[in-house]
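Residue-level listing of the chains:
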Amino acid sequence: MCRSIKTLRPPVIPEEATEEEMRAAALQYVRKVSGFRQPAAHNREVFDRAVDAVTAATRDLLSELEVRGSAASASRQQGAA
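Only a predicted model underlies this, so the values are computations on that prediction, with no experimental measurement involved.

A. Region of the structure containing the confidence of the model for the protein. On average, the protein scores 85 in pLDDT, and the residues at 70 or more come to 81%. Per-element averaging of pLDDT across the protein places helix 3 (residues 71–80) at the bottom with 54 and helix 2 (residues 44–64) at the top with 96.

Pasting the structure below:
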């Protein structure tokens, strides 16, 4: 696991993760998996697409996670009622 990727969901962080935080985590993940801190010019497009895809997957995951007993979960349930 990348040590620099932090948990992005309440209650570990006080509020919902920002787009910037999700993108930073995605970038760290892609760097770790690819083994490149900075891709060569010929790999830039695929590297950037991977970061975009991981950011989107992170956004989807965090928006749909239900953490039982958390304030975020309770507020979502109240909003649905």
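B. Summary view of the environment of Ala24. Here Ala24 is to be found in helix 1 (residues 19–34). Along the backbone, Ala24 and Thr55 are 31 residues apart, and their C-alpha atoms lie at a distance of 8.5 Å.

C. Region of interest: the pattern of salt bridges. Following the criterion strictly, the structure yields 5 salt bridges and no others. The partner of Arg59 in a salt bridge is Glu19, with the nearest N and O atoms 2.6 Å apart. You can see Arg59 sitting in helix 2 and its partner Glu19 sitting in helix 1, a full 40 residues away along the chain. Looking at Arg59, the relative accessible area reads 35%, which means it is partly exposed. In this structure Glu19 comes out as partly exposed when scored by relative accessible area, which is 39%. The salt bridge involving Arg23 is made with Asp52; its shortest N-O contact spans 2.7 Å. With a gap of 29 residues between them, Arg23 in helix 1 and Asp52 in helix 2 connect regions that are remote in the sequence. Overall, Asp52 belongs to the partly exposed group, its relative accessible area being 41%.

Here is what the cut-offs are and how they apply
Numbers given for residues are sequential positions, taken from 1 along each chain in its written order. pLDDT decides what is reported in this predicted model: residues at 70 or higher carry local features, side-chain atom pairs at 80 or more are listed and counted, and totals for whole chains, interfaces and linings draw on all residues regardless. Here the side-chain values reflect all heavy atoms present in the structure, with hydrogen atoms and water set aside. As a per-residue measure, pLDDT tells how confident the predictor is, with possible values from 0 to 100. For helices the rule is a DSSP run of H or I covering at least 4 residues; for strands it is a run of E covering at least 2, with both sets numbered from the N terminus onward. A pair is scored as a salt bridge if a Lys or Arg side-chain nitrogen falls within 4 Å of a carboxyl oxygen belonging to Asp or Glu. Remark: exposure states derive from per-residue accessible area (1.4 Å probe, protein chains only) relative to the maximum for the residue type, with buried under 20%, exposed over 50%, and partly exposed in between.

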